[in-house]
Amino acid sequence: MSDFRSDTVTQPSPAMKQAMIEAPLGDDVMGEDPTVNLLQHTAATMFGFEAGLFAPSGTQSNLIAMMTHCRRGDEAIVGQQWHTYRWEAGGMAVLGSVQPQPLEQQPDGTLALDDIEAVIKPDDPHFARTRLIVIENTVGGKPLPLAYMQEVAALAKRRGLRAHIDGARLCNAAVALAGGGEPLMRARELCKGFDSVSLCLSKGLGAPVGSVLLGSKDFIHEARRIRKMLGGAMRQAGMLAAAGLHALQHNVHRLADDHANADLLSRGLAKAASNNPRLRGAFHVQPAQTNMVFTDVQADIAGNLIAHFAAHDITLQGGAYRSKEGMMNRIRWVTHLDVSQDDVVRAIKAAESF
C-alpha cells in the first residue's frame, strides 16, 4: 500500500528501533534521562539555540511556547491557516488564555508585514496586550523565504514583541531553501532572531512521536514548568528521545528525496490529467515546493477518483470546499520516507487509468 495521507504515518526504521532499545534511561522529570538530555542539547546546537525541551507533540510544544511567552489576556498574532490557530483545538485560548489575532495569508503563505504592524495594539487597558508573533514554516508545503523570516524577526524586535516559529516542517523548508547546500546552516539562518521554535520529530523526520521546543536557557526553564502543568512531563522518556535523536542525525538531508518525489508526482499527475478525457479540466494540480502536492478535483468525480486510487492500494484523504466554479474536493498528497519513487509512479499510472 502507498499511503500519501501525511508524513505522520511513517514507521520507525530498524536502525531507529535499535537505537530506542539501546537508549540509556533515567527520570526526565528529575532531569536525569541522558538520552533526553542529549536530544535536547543536540537539537539546540543544530538550530542555534541555548537549550531545548522534549515534548510529546507539536501541539503541546507550540502551546508551551505561547504560554511561556504570554500571560493571561495577552495577544498572539497568527495566520488564519496556522496550526496554532486553526488545527490545535483552540488550546492557546482555552488553556493558555491567550487571545489570537488572526491575519489572512498572502498567496505565498506569508503574513504581510504591514498587516502585522496594523494589528499591534497600543498600550491601552481596552485592548489585549500584543505580546507575540507566531510564524509557521512551511505553510501548506510552501517554504517561507529567509529574507521574509529575517524581516519578521526584525519587526518583532523593533516593536518589543516575542517571536515564535511553528517549525513542524522547518527542516523541509531548510532543505528546499538550501538549494543543494547545507540545510542545517539554512535552518539556523531561518531561526536567527526568533525567541523560540517548535520542531516536530514525527513528520518528515520519521520518529514515532515527539517535538522539541528550542529557546534561551531562561525560556526553557520556564517552559519546563508549563510542560509539567500540561501533563507533558514524562519519566523514562529516553526510548522516545532516542528515535528523535536518530531522526535528527540521519533523516534531515534525505528530505530532498521526498521533495524530488513530490515534484515527480505533481508533474506526472498534471500530465495524466491533461491526457485523460475524464480528468481534463476537472483535476487541477499545484506544483510541489517541498513534500506536498495539492490537487483540486470536481466534487462530482472526487469520490469515484479516491475509490479508484484505493482500488490500486493508494491511500488518500480529501476535503470538500466551495469555489467560484462550484463544489471542489482538495486532496493533499504528502511524500515521506515510506513513499518510494515506485509508489509515485504507481500513483501516476493509476491517474492515467481512471
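Residues numbered from 1 in each chain as written. Predicted model: local features only at pLDDT ≥ 70, side-chain atom pairs only at ≥ 80, totals over all residues. Heavy atoms only, no water.

**Examining the overall build of the protein chain**
Line of reasoning, step 1. Within the protein chain one finds 14 helices and 13 strands.
Line of reasoning, step 2. The C-alpha radius of gyration computed for the protein chain amounts to 21 Å, which stays within 12% of the reference 20 Å derived for 354 residues, consistent with globular compactness.
Line of reasoning, step 3. Structurally, the protein chain occupies a C-alpha span of about 60 × 55 × 35 Å along its principal axes.
Line of reasoning, step 4. A burial count over the protein chain gives 53% of its 354 residues as buried.
Line of reasoning, step 5. Sequence separation of at least 24 residues holds for 75% of the intrachain contacts in the protein chain that already meet a minimum separation of 6.
Line of reasoning, step 6. Accessible area for the protein chain stands at about 15,700 Å²; split by element, carbon and sulfur atoms hold 51% of it.
Line of reasoning, step 7. Of the side chains in the protein chain, 35 bear a positive and 37 a negative charge, and the two mean positions are spaced by 2 Å. (Helix = DSSP H or I, 4+ residues; strand = E, 2+ residues; numbered from the N terminus. Rg over C-alpha atoms; globule rule 2.2 N^0.38 Å. Buried < 20%, exposed > 50% of the residue type's maximum accessible area, 1.4 Å probe, protein only. Contact = heavy atoms within 4.5 Å. Areas by Shrake-Rupley, 256 points an atom, 1.4 Å probe, with all protein chains shown as cover. Lys, Arg positive; Asp, Glu negative; His and termini not counted. Charge placed at Lys NZ, Arg CZ, Asp CG, Glu CD.)

**Observations concerning the layout of surface pockets**
Line of reasoning, step 1. The volume enclosed by the largest pocket comes to roughly 1,300 Å³.
Line of reasoning, step 2. Lining of the largest pocket is provided by 42 residues; of these, Q81, W87, G140, F294 and R332 occupy positions nearest its centre.
Line of reasoning, step 3. Mapped onto the lining of the largest pocket, the elements with two or more residues apiece are α3 (58-69), α4 (83-87), β10 (292-298), β12 (318-323) and β13 (326-334).
Line of reasoning, step 4. The residue makeup of the lining of the largest pocket, split by class, is 13 nonpolar, 19 polar and 10 charged.
Line of reasoning, step 5. One number sums up the size of the second largest pocket: a volume of about 190 Å³. (1 Å grid on protein atoms, 1.4 Å probe; cavity = no way out; pocket = protein on both sides within 12 Å on 5 of 7 lines; lining within 4 Å. Points joined across faces, edges and corners; volume = space filled by probe spheres on them. Nonpolar A, V, L, I, M, F, W, Y, C, P; charged D, E, K, R; others polar.)

**Side note on empty space enclosed by the protein**
Line of reasoning, step 1. A full pass over the atoms with the stated rule returns 2 cavities of 30 Å³ or more.
Line of reasoning, step 2. By volume, the largest cavity is sized at about 50 Å³.
Line of reasoning, step 3. In terms of lining, the largest cavity is formed by A168, R169, L170, C171, N172, L199, C200, K203, G204, L205 and L255.
Line of reasoning, step 4. No other element matches helix α8 (residues 170-178), which puts 3 residues into the lining of the largest cavity.
Line of reasoning, step 5. For the lining of the largest cavity, a count of residues per class yields 7 nonpolar, 2 polar and 2 charged.
Line of reasoning, step 6. Size it by volume and the second largest cavity reaches roughly 30 Å³.
Line of reasoning, step 7. The wall of the second largest cavity is formed by T59, L63, M66, T84, E88, G91 and M92.
Line of reasoning, step 8. For the lining of the second largest cavity, the elements supplying multiple residues, two or more each, are α3 and α5 (91-94).
Line of reasoning, step 9. The leading source of residues in the lining of the second largest cavity is α3, at 3 residues.
Line of reasoning, step 10. Residues that form the lining of the second largest cavity fall into these classes: 3 nonpolar, 3 polar and 1 charged.

**A closer look at the side chain of H69**
Line of reasoning, step 1. Among the secondary structure elements, H69 is positioned in helix α3.
Line of reasoning, step 2. Since its relative accessible area comes to 5%, H69 is described here as buried.
Line of reasoning, step 3. Among the polar contacts made by the side chain of H69, one reaches the side chain of S196 at a distance of 2.8 Å.
Line of reasoning, step 4. If we ignore the near neighbours within four places in the chain, the residues touching H69 are R131, L132, R162, H164, D195, S196 and F219. (Polar contact = N/O pair within 3.5 Å; in protein donor to acceptor, adjacent residues only side chain to side chain.)

**A few points about the UniProt feature "domain: Aromatic amino acid beta-eliminating lyase/threonine aldolase" (unreviewed entry) in the protein chain**
Line of reasoning, step 1. The UniProt record annotates "domain: Aromatic amino acid beta-eliminating lyase/threonine aldolase" (unreviewed entry) at residues 3-298.
Line of reasoning, step 2. From the first C-alpha to the last, residues 3-298 spans 22 Å; its make-up is 44% helix and 17% strand. (UniProt positions renumbered as here; feature names shortened; annotations may be inferred.)

**Digging into unusual backbone geometry**
Line of reasoning, step 1. With an omega of 10°, the peptide bond between N137 and T138 qualifies as cis.
Line of reasoning, step 2. Within the element layout of this structure, T138 appears in the loop between β5 (129-136) and α7 (146-158).
Line of reasoning, step 3. Of note, S97 is a non-glycine position whose phi angle comes to about 55°, a positive value.
Line of reasoning, step 4. As for its position among the elements, S97 is in the loop between α5 and β4 (99-103).
Line of reasoning, step 5. Residue S97 is classed as partly exposed on the basis of its relative accessible area, which comes to 22%.
Line of reasoning, step 6. Positive phi outside glycine occurs at D313, with the angle close to 60°.
Line of reasoning, step 7. On the secondary structure map, D313 appears in the loop between α13 (299-311) and β11 (314-315).
Line of reasoning, step 8. Exposure remark for D313: the relative accessible area of 47% places this residue in the partly exposed category.

**Some thoughts on the packing of aromatic side chains**
Line of reasoning, step 1. The full count for this structure, using the stated rule, is 2 aromatic pairs.
Line of reasoning, step 2. Seen from their ring centres, F4 and W333 are 5.3 Å apart, and the 70° between their planes marks the pair as edge-to-face. Of this pair, F4 sits in the loop between β1 (2-3) and α1 (14-22) while W333 sits in strand β13, and the two are 329 residues apart along the sequence.
Line of reasoning, step 3. Look at F4 and you get buried, because its relative accessible area is 0%.
Line of reasoning, step 4. Between F309 and W333 the ring centres are 5.2 Å apart and the planes differ by 90°, which places this aromatic pair in the edge-to-face class. Of this pair, F309 sits in helix α13 while W333 sits in strand β13; the two residues are 24 residues apart in sequence, bridging distant segments of the chain. (Phe/Tyr/Trp six-rings, centres within 6.5 Å; stacked < 30°, edge-to-face > 60°.)

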